[in-house]
Amino acid sequence: MAFGLKREELQRWKENVRSGKIDFLTHYWLDDRFPGCNTVTKVGCSDLNKLKTWGRKYGLQENWIDMNEEFPHYDLFGDYQIKILREEKQWNQIQRFKLE
């Protein structure tokens, strides 16, 4: 279940992903399969080669991509999420969701 997200943020992420840009969207999230994780960052890009190349830079496996037909993306949480958000200088998302 996702929450803590504004419609405009989701629309902007979708537009950026559709246009072939790597884009980040963090929101609160609860999933019993991942205890202790209450946020997720979706890193999407419609250009799969670009997304795969980006993921390799961080040691992410290609089979971790959620192959959503319109919005392929990685779901980042836990240590991967914080490390990658820092390296990508996504300070607003880090502060907003109190990830440090």
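Just so you know, these numbers come straight off a predicted model, no measurement behind them. (Residues numbered from 1 in each chain as written. Predicted model: local features only at pLDDT ≥ 70, side-chain atom pairs only at ≥ 80, totals over all residues. Heavy atoms only, no water.)

Draft legend 1. Seen up close, helix H2 (residues 48-57). Leu51, Trp54 and Gly55 are the residues of H2 that are buried. For H2, the arc enclosing every buried residue in end-on projection is 100 degrees, short of the 170-degree limit, so these residues lie on one face. Within H2, the exposed residues directed more than 90 degrees away from the buried face are Asn49 and Lys57. Where H2 begins, one side-chain oxygen reaches toward the backbone nitrogen of Asn49, 3.2 Å away; that side chain belongs to Asp47. Gly59, located one to two residues past H2, shows a positive phi value of around 75 degrees. (Buried < 20%, exposed > 50% of the residue type's maximum accessible area, 1.4 Å probe, protein only. Helix = DSSP H or I, 4+ residues; strand = E, 2+ residues; numbered from the N terminus. Arc of directions from axis to C-beta. Polar contact = N/O pair within 3.5 Å; in protein donor to acceptor, adjacent residues only side chain to side chain.)

Draft legend 2. Fine view of the packing of aromatic side chains. Here the structure, examined in full by the defined rule, presents nine aromatic pairs. For the ring pair Phe24 and Trp54, a centre distance of 5.9 Å and an interplane angle of 75 degrees mean the geometry is edge-to-face. Within this pair, whereas Phe24 is found in strand E2 (residues 23-29), its partner Trp54 is found in helix H2, the two being separated by 30 residues in sequence. Grouping residues by exposure puts Phe24 and Trp54 together as buried. (Phe/Tyr/Trp six-rings, centres within 6.5 Å; stacked < 30°, edge-to-face > 60°.)

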